[in-house]
Amino acid sequence: MDAGQWDIIEGGKMSSNNEVPKYGLLTASTPEEAVSLLTQYGEQARIMSGGTDLLYLMKNGVVSKTPQYVVDISGLPLNYVNYSASDGLRIGATTPIATIASDPNIAQYYAVLSQAAATVAAPQIRNQGTAAGDVIQDTWCWYLRNNYPCWQNGGNVCYGVLGDNRYYQSIFGGRLTFAVNPGDTPVAYYALDAEVTVQGPGGSSTMPISQLLPGEAIVGGIVKENSLQHNEMITEIHVPPPPANSMSAWYKVRARQSFDFALASAAAVLTFNGSTISHASLVLGGVDVAPHRATAAESYLVGNTLTTTTIQEAAAKAVADAEPLTTGTGNSFRVFLAQGAVSKALTLLS
Ligand SMILES: Cc1cc2nc3c(=O)[nH]c(=O)nc-3n(C[C@H](O)[C@H](O)[C@H](O)COP(=O)(O)OP(=O)(O)OC[C@H]3O[C@@H](n4cnc5c(N)ncnc54)[C@H](O)[C@@H]3O)c2cc1C
């Protein structure tokens, strides 16, 4: 097939030959050039960094995610980790996840991020997958991945609500789409109040990760989990310096311990005044359409010390407003997994 031509794919069916369709490969040597190519080729072009998510979607023939042109950014000079006490942490967009997991400064000052990165997928994917790719990856809801015409694939239904929603659907509700945000490192970035630098046609700007991942954004008529325009790219992730006397921890529950997406996870960043918690940041992963800030639990923790009782109470508060699905298979069992993940993460800090 020529670039731009591939099989017409019916909903729920994968591409007939299960091969990546031919595409035009465009190589960028600067972020500005990447944005210029994305602008020039419009909605038919998408960035490829490590390719572990994008090529998977293309191989499965997922209609709305299969571009005619791929803008390869893997050669850009964005593979770096810089840390300083005054500025905090700066991670280039194409830095491998494995580098984040093994960097000594990240391990020392941002344990939650180091631990979250170490639980992403398997070593091969951590070596190939990149910092920005883990943040922007599409949901792994099996209805999207198998090309059902769902909201995120140009249709107007969330099959997850109706069907098998045990693993990939929110337990905290949704609007159009109920598919969970799948990334592990974004949960840690949320808890650490990270921001991203975005290169667009008008130049470079920054936005909080919560604005980048709002849960549901309609961009170019398609429902997405991130708010990037088609001709914008992330160049850097910035995490502020850790507050004095703070500690952080991560806990992830998954079906296969060797590699798997989170059934539930928790990222906790606590600041202490003596043994009393003076600030709490607590974010759940794998259970909502975006990383889920557990505000009631955060408020409860401030002013308390970490004891078995307060940990259990905080974990209960973290899921008190859960609304697990009761249609289809239902997914209420993950409320207990989320509660357990919070309890485990806080216990690691006690
Ligand atoms: C078997 C398997 C298991 C997995 N398990 C986990 C897991 O347990 N936890 C987890 O967190 N993830 C998991 N993943 C997902 C994996 O982490 C992602 O596929 C990977 O991080 C994506 O990075 P990439 O560089 O390969 O992205 P690509 O595939 O190159 O791109 C992914 C998406 O991000 C966009 N993109 C990439 N870079 C940029 C940028 N700089 N600016 C704007 N957009 C960009 C692309 O256009 C594309 O839409 C798993 C994947 C597989 C295949």
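Computed from a predicted structure; not experimentally measured. (Residues numbered from 1 in each chain as written. Predicted model: local features only at pLDDT ≥ 70, side-chain atom pairs only at ≥ 80, totals over all residues. Heavy atoms only, no water.)

Asker: Looking at this structure, how should I read the site of the ligand?
Answerer: Lining the immediate environment of the ligand, one finds 34 residues, of which R46, I47, S49, T52 and T130 sit closest. Between the ligand and K252 there is a distance of 3.0 Å, counted from an oxygen atom to a side-chain nitrogen or oxygen. Bound to the protein, the ligand loses 95% of the 970 Å² it would expose on its own. Elements that contribute at least two residues to the shell around the ligand include exactly β2 (45-48), α7 (131-136) and β10 (233-239). When residues of the shell around the ligand are assigned to their parent elements, the largest contribution, four residues, is made by α7. A breakdown of the residues in the shell around the ligand according to their chemical character gives 18 nonpolar, ten polar and six charged. (Near = heavy atom within 4 Å. Polar contact = N/O pair within 3.5 Å; in protein donor to acceptor, adjacent residues only side chain to side chain. Areas by Shrake-Rupley, 256 points an atom, 1.4 Å probe, with all protein chains shown as cover. Helix = DSSP H or I, 4+ residues; strand = E, 2+ residues; numbered from the N terminus. Nonpolar A, V, L, I, M, F, W, Y, C, P; charged D, E, K, R; others polar.)

Asker: What am I meant to see in the confidence of the model for the chain here?
Answerer: The predicted coordinates of low-pLDDT regions are not to be read in fine detail. Confidence in the prediction of the chain, expressed as mean pLDDT, is 94, and 95% of residues score 70 or more. Confidence drops under pLDDT 50 across residues 1-13; counting only partners more than four residues distant or on other chains, this segment forms 27 contacts. (pLDDT = per-residue confidence, 0-100. Contact = heavy atoms within 4.5 Å.)

Asker: Explain the sheet that holds strand β3 (residues 69-72) here, please?
Answerer: Picture the strands of a sheet paired through backbone hydrogen bonds; they go either parallel or antiparallel. Across the sheet, three strands lie side by side as β1-β3-β2; this open sheet has parallel pairing. Since the sheet does not close on itself, it has two edges, and those belong to β1 (24-27) and β2, each with one partner. Adjacent strand axes in the sheet meet at a mean angle of 30 degrees, parallel and antiparallel pairs treated alike. As defined by bridge partners, β2 adjoins β3 across four bridges and the pair is classed as parallel. Bridge pairing in β3 places R46 opposite V70. (Pairing = 2+ DSSP bridges. Axes fitted to C-alpha atoms, helices over the stretch in contact; angles between N-to-C directions.)

Asker: Explain the packing of aromatic side chains to me, please; I cannot follow it from the model alone.
Answerer: The relative placement of two aromatic rings is captured by the distance of their centres and the angle of their planes. Taken as a whole and judged by the stated rule, the model has eleven aromatic pairs. Ring centres of W140 and F261 lie 5.1 Å apart, and the angle between their planes is 35 degrees; this geometry places the pair in the tilted category. Taken together, the residues span a long stretch of sequence, with W140 in the loop between α7 and α8 (142-145) and F261 in the loop between β11 (246-253) and β12 (264-273) at a distance of 121 residues. According to the relative accessible area criterion, F261 is partly exposed, its value standing at 28%. When the centroid spacing of 5.9 Å and the interplanar angle of 25 degrees are considered together, the rings of Y143 and Y159 count as stacked. Of this pair, Y143 sits in helix α8 while Y159 sits in helix α9 (residues 159-162), placing them 16 residues apart in sequence. Clustering of aromatic rings is evident, with ring pairs tying together Y56, W140 and F261. Positioned above the aromatic ring of W140, the side-chain terminus of R145 is 3.5 Å from the ring centre. (Phe/Tyr/Trp six-rings, centres within 6.5 Å; stacked < 30°, edge-to-face > 60°. Buried < 20%, exposed > 50% of the residue type's maximum accessible area, 1.4 Å probe, protein only. Lys NZ or Arg CZ within 6 Å of the ring centre and 35° of its normal.)

Asker: It is not clear to me how helix α14 (residues 333-348) should be interpreted in this structure. Could you clarify?
Answerer: Quick reminder: α-helices carry 3.6 residues per turn. Residues three or four places apart thus point the same way. Look at α14: 23 Å from first C-alpha to last across 16 residues, which is about the 22 Å you get at 1.5 Å a residue. Within the span of α14, buried status applies to R334, V335, A338, A341, V342, A345 and L346. For α14, the buried positions fall inside an angular range of 125 degrees around the axis, keeping them on one side. Residues of α14 that are exposed and point over 90 degrees away from its buried face: F336 and L348. Buried residues in α14 make contact with β11, β12, β13 (276-285), α12 (295-301) and α13 (308-318). (Expected span 1.5 Å × (residues − 1). Arc of directions from axis to C-beta.)

Asker: Would you mind going over the packing of α13 against α14 with me for this structure?
Answerer: Axes are the key here: two packed helices are described by the angle between their axes and the distance separating the axes. Running from N to C, α13 and α14 cross one another at 145 degrees; their axes reach a closest spacing of 8 Å. With respect to the hand of their crossing, α13 and α14 are arranged in right-handed fashion. Judged by residue contacts, I311, A314, A315, A316 and A318 of α13 engage Q339, V342, S343, L346 and T347 from α14. Across the contact of α13 with α14, the residue classes tally to seven nonpolar, three polar and no charged. (Left-handed = near helix turned anticlockwise from the far one by under 90°.)

Asker: Before we go on, may I ask you to explain the pattern of salt bridges in this structure?
Answerer: A side chain of one charge can pair with a side chain of the opposite charge when the charged atoms of the two come close. Taken as a whole, this structure holds twelve salt bridges when the rule is applied. Ionic pairing is found between K65 and D138, a salt bridge with its closest N-O pair at 2.8 Å. Taken together, the residues K65 in the loop between α2 (54-59) and β3 and D138 in the loop between α7 and α8 connect sequence positions 73 residues apart. Judged on exposure class, the residue K65 and its partner D138 are both buried. A salt bridge links K252 to D184; the nearest nitrogen and oxygen atoms lie 2.6 Å apart. (Salt bridge = Lys/Arg side-chain N within 4 Å of Asp/Glu carboxyl O.)

Asker: Before we go on, may I ask you to explain the nonpolar core in this structure?
Answerer: When a protein is soluble and globular, its nonpolar side chains tend to lie buried together. By size, the foremost hydrophobic cluster in this structure holds 51 residues, and its most contacted members are V71, I91, L113 and Y189. Here the element with the most residues in this core is helix α10 (residues 185-191); it accounts for five residues. Each residue touching V71, except ones within four places of it in the same chain, is listed here: L26, A28, A34, L37, L38, A45, R46, I47 and M48. Judged by nonpolar contacts, the second largest core, of 31 residues, contains F272, V287, L306 and A322. (Core = buried A, V, L, I, M, F, W, Y, C linked by side-chain atoms within 4.5 Å.)

Asker: Would you mind going over the side chain of K224 with me for this structure?
Answerer: Within the secondary structure layout, K224 lies in strand β9 (residues 222-224). Although K224 is buried, it makes no salt bridge; D138 carries the closest opposite charge, 7.4 Å away. Residues in contact with K224, not counting those within four places in the same chain, are G215, E216, A217 and V219. (Lys, Arg positive; Asp, Glu negative; His and termini not counted.)

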